[in-house]
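# A look at the structure
The chain contents come next:
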Amino acid sequence: TRDLTKYFTKRHDKLMDTLKPVSSVALTSDIWSGNAKEDYLPVVAHFINSDWQLEKRILGMRLIDCSHNAENIDEHIACVASDFGISDKNFSITLDNASANTKSMGKLTPLLSGYVGSLLLHQRCACHIINLIVKAGLDSFKDMLNNFRTAISFLNASNQRIAAYKSYCIAMGVRPRKFGLDMDVRWNSTYLMLKHLIPHRETFSVWITTNYPLKDGESLLTNKHWDIAEKYLLSLNSFMIPQLFCLVFIIQPLH
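Let me sum up the structure you'll find in this document. Since this is a predicted model, take the numbers as computed values, not measurements. (Residues numbered from 1 in each chain as written. Predicted model: local features only at pLDDT ≥ 70, side-chain atom pairs only at ≥ 80, totals over all residues. Heavy atoms only, no water.)

### Here's the deal with the pattern of salt bridges
Put simply, the test is: In what follows, salt bridge is the name for a side-chain nitrogen of Lys or Arg lying within 4 Å of a carboxyl oxygen of Asp or Glu. Only runs of H or I of at least four residues qualify as helices and only runs of E of at least two qualify as strands under DSSP, and these elements are numbered from the N terminus. When accessible area is computed with a 1.4 Å probe and restricted to protein chains, residues below 20% of their type maximum are described as buried, those above 50% as exposed, and intermediate ones as partly exposed.
For the structure on display, the rule yields 5 salt bridges. Between Asp-17 and Lys-20 there is a salt bridge, and its shortest N-O distance comes to 3.7 Å. Between Arg-201 and Asp-227 there is a salt bridge; the shortest N-O distance is 3.1 Å. Here Asp-227 lies in helix α9 (residues 223-237) and Arg-201 lies in helix α8 (residues 201-211), a separation of 26 residues in the sequence. When its relative accessible area of 16% is taken as the criterion, Arg-201 is described as buried. Linked by salt bridges that have partners in common, Arg-201, Asp-227 and Glu-230 make up one network.

Here is the structure:
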């Protein structure tokens, strides 16, 4: 325990020294839920160091064992900013579009707007907006997407099935690969899931039909599933460039 406390103090002081000559800092924050069912609010600083290099540092990972309301959010962010002496150096604060985050800026703005003023301090996460748009569009494809998820989960449920699929791919002259499931909070994971799966349409579809039979001879993945999935993949691909543009747009003002 003493070693960990000593190491933390050393790293904290070093980061404090790094931030002292920095003229402006852009903060980002979002609530993160761990596997232990505990929620944390990380505060991340983006800044240009003395060598004119862009740096990103986690300033705090504060446990939130209370309600995720505006009062608790702004209290944690303000506490971290004050702890590192950057309350008057904030170029922007980027949060997602939850109502609690918007409300929390009402109290954070007077505390952290000394550098840039209140007009442009609050930046809404553009990637989160894109995520909401794409997820709304994917709702019409939800039932078919669930079939793909069921098929992937069935394949990944045991090493024997993975080995069997690998052997089938080799027999068919196709390079085998593993497939991962998408995540609800990241639409681009759905894009990646379909992107990796569609090139294996023939082998994967035959293997699933053989090993996951349904009633009345139906197949879990039909040609209609695959055809619509290919169209959705093209639609999702069109959102990849705007997302990259948003990331560049967020970073660019720091220069």
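Anyway, onward from the coordinates.
### Examining the side chain of Asp-96
What counts is decided by this rule: Any pair of N or O atoms that falls within 3.5 Å is considered a polar contact. Within protein, one atom must be able to donate a hydrogen and the other to accept it, and sequence-neighbouring residues count only if both atoms are side-chain atoms. Any two residues whose heavy atoms approach within 4.5 Å are treated as being in contact.
With respect to the helices, strands and loops of the structure, Asp-96 is situated in the loop between β5 (90-95) and α3 (99-112). Within the local environment of Asp-96, its side chain forms a polar contact with the side chain of Asn-101, the two groups lying 2.6 Å apart. Every residue in contact with Asp-96, bar those within four places of it in the chain, is listed here: Asp-30, Asn-101, Cys-125 and His-128.

### Points about a nonpolar patch on the surface
The cut-off we apply is this: Two distance rules govern patches: like charges are joined within 9 Å, and nonpolar side chains (Val, Leu, Ile, Met, Phe, Trp, Tyr) within 5 Å, applied only to residues with over 30% relative accessible area and no salt bridge. Only the protein chains shown count as covering a residue, and every accessible area follows the Shrake-Rupley method with a 1.4 Å probe.
Together, Trp-32, Ile-58 and Met-61 line one region of the surface with nonpolar side chains, adding up to about 340 Å² of accessible area. With respect to the helices and strands, Met-61 occurs in strand β4 (residues 54-64).

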